[in-house]
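Chain by chain, the residues run as shown.
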There are 2 protein chains.
Amino acid sequence: MRTSIATVCLSGSLEEKMYACAKAGFDGIEIFEQDLLVSQMSPEEVKALAARLGLSLDLFQPFRDFEGVDEATLSANLRRAEAKFKLMARLGMDLILLCSSVATANINDDEVFVRQIRQLAELAAKYRIRIAYEALAWGKFVNTYQHSWKIVQQVDRENVGICIDSFHILSRGDDPAQIAQIPGEKIFFVQLADAPVLSMDVLSWSRHYRAFPGQGGFALEQFLGYLADSGYAGIISLEIFNDVFRQSNVQRTAVDALRSLLWLQSQTAALRAAQGKNSALNLRSLPGGQQALGFDFTEIRTEDPEPVARLLTQLGFTFRGQHRRKPVQLFSSQDARIVLNSQRSAGVNAEVSGFGVRVPSADQATARAQELLAPRVPRLHLNNEEDLPGFSAPDDTEVFFSAVDGAWDQEFGGDNLDPEPGVEGAVTGIDHINLAQPWQSFDESVLFYTSVLNLKALPGTEVPSPMGLVRSQVLTTADSEVRLALNIVPAGLASLLDRQHEYPEHIAVKTENIIALARRAVQAGMEFLHIPANYYEDLAARFDLDPQLLAELQELNLLYDRDERGEFLHFYTQRVGNMFIEVVERRNSYDGYGAPNAPIRLAAQFERNRWSSH
Amino acid sequence: MRTSIATVCLSGSLEEKMYACAKAGFDGIEIFEQDLLVSQMSPEEVKALAARLGLSLDLFQPFRDFEGVDEATLSANLRRAEAKFKLMARLGMDLILLCSSVATANINDDEVFVRQIRQLAELAAKYRIRIAYEALAWGKFVNTYQHSWKIVQQVDRENVGICIDSFHILSRGDDPAQIAQIPGEKIFFVQLADAPVLSMDVLSWSRHYRAFPGQGGFALEQFLGYLADSGYAGIISLEIFNDVFRQSNVQRTAVDALRSLLWLQSQTAALRAAQGKNSALNLRSLPGGQQALGFDFTEIRTEDPEPVARLLTQLGFTFRGQHRRKPVQLFSSQDARIVLNSQRSAGVNAEVSGFGVRVPSADQATARAQELLAPRVPRLHLNNEEDLPGFSAPDDTEVFFSAVDGAWDQEFGGDNLDPEPGVEGAVTGIDHINLAQPWQSFDESVLFYTSVLNLKALPGTEVPSPMGLVRSQVLTTADSEVRLALNIVPAGLASLLDRQHEYPEHIAVKTENIIALARRAVQAGMEFLHIPANYYEDLAARFDLDPQLLAELQELNLLYDRDERGEFLHFYTQRVGNMFIEVVERRNSYDGYGAPNAPIRLAAQFERNRWSSH
C-alpha cells in the first residue's frame, strides 16, 4: 500500500516537513497550499527536492468554494483555478482536491454543481490535471460522500473522481459501507484520520482534535476494508489537524504517523484474512501480534541505589546480587523482579526507566517492533549474557522482550538466587506500572504501546489534583497480566512556584495479604504516605464497612475501594526521587485501580512535597 | 453584595486556597467536599482558620444522587447525608447543595422526589441545616430551574430552597427571565459562571471550559438583573471548573476571580440604573468606565537601546532627547511616541514593556484600576516630574494613564521637541500593540484589559504557524483608537530544539503612504522581513490587482489585504530582541489586521530564526 501524508499535519517549514516524511519512510506527501505559500522555496525547488528525497507529490490541496455560485463568481473562480493549475504544472503535480463549497455558494442545485464542475474539468484537462471532489462534513449543500459521488457520476468526466475522507464520513455518524459500491478507479484519493470520541461541533472537532489511526475511536480497519472492497488500489494518506502535532517535533510526528498506517494495514489485513478476502490495496502485514504473558522485570535508574534498596527491603524484597559486569543490582520477591541500574545515571534520582515483558517469541516481538519503527536500545551483551532485545518508547521508557522470566538472572549469580520461603503477605508480582507522559507525546505513546506490545486502551479518565487535572489512560492485555497506566502531567505545574514539579511515576506490586505486608513494613521502619482522617470518615459514610477493618485501614494508611466485582486495598510508599511504590491487594475479581483514591494520593504527595522542599 | 467562591476553582491545598481567597478580598467560600477530603486539616481546624481569616463558610457541596431511588438506596443515602450533616456541624456550616440526581435515580416521579427530599429536610432540620436544591443541566430527570423550583415549592419546607447556577441554565439555552418570579428568600444560593461559546456536550463544557464572568459569552449582567428583580439579597458565588485555573497560581486566580465579580456588579448596576431599578443585592459600582482616547506612548525595555533606535530612525522617527534623570530615551514621529527604557534592563534584549493611554480623567481611571485590584507600578516622580499612574497587567505589561498626550515630554527637554516638518509617508501614530500571552494568563489578561481599560473583546481567531496554532484576540475601544491584540504562544514551542522559542511582540505604527515610507526606509538601509514569491503569485490569483501595484508590493516586501470596506497594506521589520515593528496603511474604512497574512509573517520569522540562530 502506498502511503502519504498532508504537510499540514506537521510542524516546521515545508522543507523540514519533506525531510521528516522521507526519513520516516512515507512514499509521498500532499502539498497543503498554505505550506507552499509561506515557503521561501520556489515550486521548482519543491519539485526537485521531492525528487531527490524520493517523495511523490500526490495531491495539491485544498481548492475551496468553487461550485454553486453566480456567473461572475464562477469566472473569478475559474481564473483562480487556472493560476493553481499553472502552479501545479511547475510542481509536476496532476491531482487537486476540490472541497464542496462552504462559504460563498448560494445556489443549491445539483445541476449547477455538475455544470460548473464540468467547466473546471475542461480547464483542468488542458493542464492534464485530475480533480478529486470531496464532501466536507460541514459543506453547505454537499456534505455526504453519497452526494459527492452522485455529482461525480453526473459530471461524467474522465478527470473527475471522488476523494474519500474518513473524518468527514465517520464524524457525522454516516455509514461507510456504500464505499464498497464505488468503482475503485473513480476513487481518486483517500485521506484517513482518526479522532477521539467527543461530542462537539464537527468543525472544531476536525480542526483541532483529529488523531492518527489507532489514537482515536473510529473503526478504521472496517473503513479501509470497504475501500479494499471497492477495488481501490491507490494511495492511502493521512490528513490530521491536531493542535499538539502542529507544535511537536516534526521528525517524531512523522514516524508516529507512518507507524499508525503500518499498524492499521496489518489490522485490516488480519480482518480481511479472517473474512477470506483479498484486496488490490496490497496491505502489508506485521509479524504476529502476540499477547504479552506478564512482566519479566522492572528497571529503576538511579545514581544512588540505597534509598530504593531500603524501600524494597522494607517491603520484603531480597537482594539477589550485583551484575557481574555492570553497576546493576537485582531485588526480587517471588515474581516481582526489580533491577536498580546505575549506568548513565549521573544526577538521576530514581526513575522508572524500563520494563521487560515475557512473550511467546522474543524474535517475533522484536521483528514487529522494528517494522513499527521502534528505535532499538543499544546494549552490549558480552560473554554469553542474555541478549534482551529492547526498544525506546516515546516517553523514553525502555521496553524489553524475553521468552522466559528472569532468563538473565544468572548474570547476578550466586546462592542468593534460591527461591525464598513463602511468607504471608509477600509481594507476589508486579500488578501495573504507571508512567508519566509529557502532553506532547501522549497520543504517540498510546499508539506505541498498543501496537508494539499489542495492548488494548481502556477509556481514559481524569483525576483532580492540587496541581490540575491529571489525564490517565490504562492499557492492558486481554487477561490483565500486563497493565500500564499512562498519565499526562498538567503543563502548568511549572508555574507553581516552590514546587518539585515532576509528576512521579510508580510501580504497583501485588500481594495476597496487604495488612500483613503493611504491618511488617511498618516494623521494618517504613513510613507510608499519610492519608488524612477526613478520608476515613468519608469511607465510613460511603461504605458499610466492618469497624475493625476501617480502624485497621486508618491505622495503616491503607486506601479502599469496592465495586460489584470485588474489593481493592492499597497503599503508597513515600516518594524516592521521582518514583514511589504502590502495594495492592485485589479481592475477588476487582479489576480497577482505585480511581476514587487517586486524588487523595495526589493531594497527599503535594502536601508532602511542600513541607519537604524547604 | 457579598462575594464567595467555590474552592474547586483554585489550585493548591485547601489551606492555600483559603489564604488566597481571604487575601484577594472574598467574603466567603464554598467548601467543595473533595478539597476537605484530601486535606490534612480537621474540620475543626478549617472552621478556626476560616474564622481567623474572616471568611464565612457559605456552602458545603455537592451532595449528589439522593432523590428518585428505591427504599433501600434511600436509607443508604439518608445515612450518607447524616454523616455529612455531622461533618457540617463540626465545620459550623448550615447550608448544603443538593444536586438533582444523575447516576443512580431510577424513578421518574415528582411525587417521589418531593417525598424523599422532605425526608432529607426533616433529618437536616435536626442539625439546623438548610438545603439548596440545584437542577444540573445534565440531571437525569430534573434539569431545568423551573422544574427544581416546582419541586422546592411542593416540598414546602422552611429549610429547603433553590440554588441558581448560571451555567446550568444558560448552557442549555434556557431563558433565565423567570428567575425574577421566584421569591428572593427561597433562593438559598447563587453560583455564577461564564463560558466561551462552544458547541460541545454540556458535561465536558462544564467540567473544563467554564470561565469567570467577563471571560466568556454569557449575558451575565442580565442574569444578575433577574436575580435582583427576585428580591434576592444573599451571596453571589463563583463556581468555575476550568482546566487552566486549576493549574495556575492560586493567589493570582483568586484576584482574577474577585475582579470578575467587581466588574460584573458594576456592569449590572449601570444596566439597572439605566432601567431605573433598585435592588436588595446592593451592587457595588466602579468609578466610571471612560473610553480611552488614544495611545499616549509605547515603552520598550532594552539593555542596549541602539538597535531599536536604529530601526526607529530608519522608519523616520526623530530622537527627542534623553530623560533628565533616568536612562530613558524618547523617539517620536508625529503622534507616535516610543520610549526606550534601560532601567532594570540587565539581560533584556528589547521587549514591549508598557504603554500609556490618554483618558478624560487620569484620576478616575486610576481609581477604577485600583478598585479592580490592579497592582500599582511603583515609580518615583521627583522635582515636578509628571506623575503618570501605572498598573501591571497579568502579562506584566505596564499600563499608564494620562489626560494629555506627552504631558511628560518636557522631562526630555531641549529644542528637539519642536514639531517635525510634514513628510510624505511619515509615521503618524500608533495603530495597535500586539502582546504575547502565556496560556496560563490569557483569560485573566482579557478580563484585565476589558475591565480596567474598558475595551471590548472581538471574536478570537487562530493563526496557523510552523510552531503551531497561535490564538489571537483583539480588544478595542468603540472608535478603534486604542487597539490591543493578545496572542497565545503555543506551549509546545519549547520542545522544538534549536529554536528561539519566545513569541515576539510588536508595535504597529500607521502611515498614510506606506510605499513612500518603505522606499525611504530601504534607502536608510533597512532590511524588511522577506516575503516569499509564492505569496505574490497567490495574491494575483485571489485579487484582480493592478500589475504595477503588485510589482511594487513584491519589490518592497509589502503584504496586502482587502475586504468590502477597504484595503490594508503593511510590512514587518526584522526582529530586534523579542520585538519588531509593523507599519500599516489603512485605505478607506478597512478595520481588520490583515489576518490572512499573519501565517506568512510567522513562517518568515520562523525561517529567519533558523538561519540566524546558528
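The present account deals with the structure reproduced in this document. For clarity, every value in this text was computed on a predicted model and none was experimentally measured.

### Points about the overall build of chain A
Within chain A, the regular secondary structure consists of 17 helices and 24 strands. Across the 614 residues of chain A, 61% fall into the buried class. For chain A, the proportion of contacts with a sequence separation of at least 24, taken over those separated by at least 6, is 74%. For chain A, the computed accessible surface area is about 22800 Å², with 48% contributed by carbon and sulfur atoms. Averaging the coordinates of the 57 positive side-chain charges in chain A and doing the same for the 80 negative ones gives two points 6 Å apart.

### Side note on unusual backbone geometry
All names here are of chain A. The peptide bond linking Q61 to P62 adopts the cis configuration, its omega dihedral lying at -10°. Summarising the element assignment, P62 is placed in strand β3 (residues 56-63). Phi is positive for L373, close to 65°, though the residue is something other than glycine. Residue placement: L373 occurs in the loop between α12 (362-371) and β14 (390-392).

### What about the sheet that holds strand β10 (residues 318-322) of chain A?
All names here are of chain A. Read across the sheet, 7 strands follow the order β10-β11-β12-β9-β13-β15-β14 without closing on themselves; strand pairing throughout is mixed. Strands at the two margins of the open sheet, each flanked by one partner only, are β10 and β14. Neighbour-to-neighbour, the strand axes of the sheet open up by a mean angle of 25°, direction not taken into account. Bridge count for strand β13 (residues 351-358) against strand β15 (residues 398-402) is 5 bridges, and the pairing is parallel. Across the sheet, residue G354 finds its bridge partner in β15, namely E398. Packing against the sheet, α12 makes contact with β14 and β15, and its axis sits at approximately 145° to β15.

### Re the pairing of strand β9 (residues 294-301) of chain A
Residue and element names in this part refer to chain A. Of all 8 residues that make up β9, 8 are buried, and the element is covered over most of its length. Note: β9 against β13, 7 bridges, orientation antiparallel. Directly across from I300, in β13, lies its bridge partner V352. Strand direction decides the pairing type here: β9 and strand β12 (residues 336-341), joined by 4 bridges, are parallel. Across the sheet, the residue bridging to T298 is I338, located in β12.

### Some words on the interface of chain A and chain B
In many reports, interface size means the accessible area that the parts give up when they come together. Across the boundary between the two partners, chain A contributes 65 residues, which contact 65 residues of chain B. With both chains or domains summed, chain A and chain B bury close to 4900 Å², and 48% of this area falls on carbon and sulfur atoms. When residues of chain A are sorted by the area they lose upon contact with chain B, Q40(A), Q247(A) and N534(A) head the list and together hold 13% of the total. Seen at the junction of chain A and chain B, the total is 4 salt bridges. Counting across the chain A and chain B interface gives 16 residue pairs in polar contact (both at pLDDT 80 or more). Among the elements of the structure, α1 (14-24), α2 (33-37), α4 (71-91), α8 (202-209), α15 (533-542) and α17 (598-612) of chain A are those that each provide at least two residues to the side of chain A that touches chain B. Grouping the amino acids of the side of chain A that touches chain B by side-chain chemistry returns 29 nonpolar, 18 polar and 18 charged.

### Observations regarding the relation of the copies chain A and chain B
For the pair chain A and chain B, the superposition axis carries a translation of 0.0 Å, the fit reaches an RMSD of 0.0 Å, and the rotation angle comes to 180°. One copy is carried onto the other by what is essentially a two-fold rotation axis. Both copies contact each other with a shared surface, as 100% of the interface residues of chain A are interface residues in chain B too.

### Observations regarding the packing of aromatic side chains
Residue and element names in this part refer to chain B. Following the criterion strictly, the structure yields 36 aromatic pairs over all chains and no others. Ring geometry for F295 and F355: centres 5.8 Å apart, planes at 80°, overall edge-to-face. Taken together, the residues F295 in strand β9 (residues 294-301) and F355 in strand β13 (residues 351-358) connect sequence positions 60 residues apart. In this structure F355 comes out as buried when scored by relative accessible area, which is 0%. The ring of F188 has R130 sitting right over it, with the charged end atom 4.3 Å from the ring centre. A cation over a ring is seen here: R586 above Y593, with NZ or CZ 5.4 Å from the ring centre.

### Observations concerning the pattern of salt bridges
All names here are of chain A. According to the stated counting rule, one finds 46 salt bridges over all chains in the structure shown. Of the charged contacts in the structure, one is a salt bridge between E44 and R90, with a shortest N-O distance of 2.7 Å. Of this pair, E44 sits in helix α3 (residues 43-53) while R90 sits in helix α4, and the two are 46 residues apart along the sequence. Here R90 falls in the partly exposed class, since its relative accessible area comes to 30%.

### Observations regarding the packing of helix α4 (residues 71-91) of chain B against helix α5 (residues 110-126) of chain B
All names here are of chain B. Viewed as axis vectors pointing N to C, α4 and α5 meet at an angle of 30°, and their least axial separation amounts to 10 Å. Between α4 and α5, the angle falls in the class roughly parallel. The two elements α4 and α5 meet at a crossing, and its hand is right-handed. Contact residues: α4 offers E71, L74, L78, A81, E82 and F85, while α5 offers Q116, Q119, L120, L123 and A124. Tallied by class, residues from the contact of α4 with α5 come to 7 nonpolar, 2 polar and 2 charged.

### Some thoughts on the sheet that holds strand β15 (residues 398-402) of chain B
Residue and element names in this part refer to chain B. Strand order in the open sheet formed by 7 strands is β10-β11-β12-β9-β13-β15-β14, and the pairing between neighbours is mixed. Two strands close off the open sheet at either side, each with one partner strand: β10 (318-322) and β14 (390-392). Taking each pair of neighbouring strands and ignoring which way they run, the sheet shows an average axis angle of 25°. Helix α11 (residues 306-314) contacts β9, β11 (328-333) and β12 (336-341) of the sheet and is inclined by roughly 165° relative to β12.

### Looking at the environment of Q267(B)
Mapped onto the fold, Q267(B) is located in helix α10 (residues 250-275). Between the C-alpha atom of Q267(B) and that of A211(B), which follows or precedes it by 56 residues, the distance is 17 Å.

### Things to note about the pairing of strand β7 (residues 187-192) of chain B
Residue and element names in this part refer to chain B. Within β7, 6 of the 6 residues are buried, leaving the element largely enclosed by the surrounding structure. As paired strands, strand β6 (residues 160-165) and β7 are joined by 4 bridges and run parallel to one another. Looking across to β7, one finds that D165 is bridged to Q191. In the sheet, β7 pairs with strand β8 (residues 235-238) via 3 bridges, with the strands oriented parallel. Paired with V190 across the strands is I236, a residue of β8.

Rules and cut-offs
- Residues numbered from 1 in each chain as written.
- Chains lettered and ligands numbered in written order.
- Predicted model: local features only at pLDDT ≥ 70, side-chain atom pairs only at ≥ 80, totals over all residues.
- Heavy atoms only, no water.
- Helix = DSSP H or I, 4+ residues; strand = E, 2+ residues; numbered from the N terminus.
- Buried < 20%, exposed > 50% of the residue type's maximum accessible area, 1.4 Å probe, protein only.
- Contact = heavy atoms within 4.5 Å.
- Areas by Shrake-Rupley, 256 points an atom, 1.4 Å probe, with all protein chains shown as cover.
- Lys, Arg positive; Asp, Glu negative; His and termini not counted.
- Charge placed at Lys NZ, Arg CZ, Asp CG, Glu CD.
- Pairing = 2+ DSSP bridges.
- Axes fitted to C-alpha atoms, helices over the stretch in contact; angles between N-to-C directions.
- Buried area = accessible area lost by both parts, 1.4 Å probe.
- Salt bridge = Lys/Arg side-chain N within 4 Å of Asp/Glu carboxyl O.
- Polar contact = N/O pair within 3.5 Å; in protein donor to acceptor, adjacent residues only side chain to side chain.
- Nonpolar A, V, L, I, M, F, W, Y, C, P; charged D, E, K, R; others polar.
- Least-squares fit on C-alpha atoms with pLDDT ≥ 70 in both.
- Phe/Tyr/Trp six-rings, centres within 6.5 Å; stacked < 30°, edge-to-face > 60°.
- Lys NZ or Arg CZ within 6 Å of the ring centre and 35° of its normal.
- Parallel < 35°, antiparallel > 145°, perpendicular 65-115°, else oblique.
- Left-handed = near helix turned anticlockwise from the far one by under 90°.

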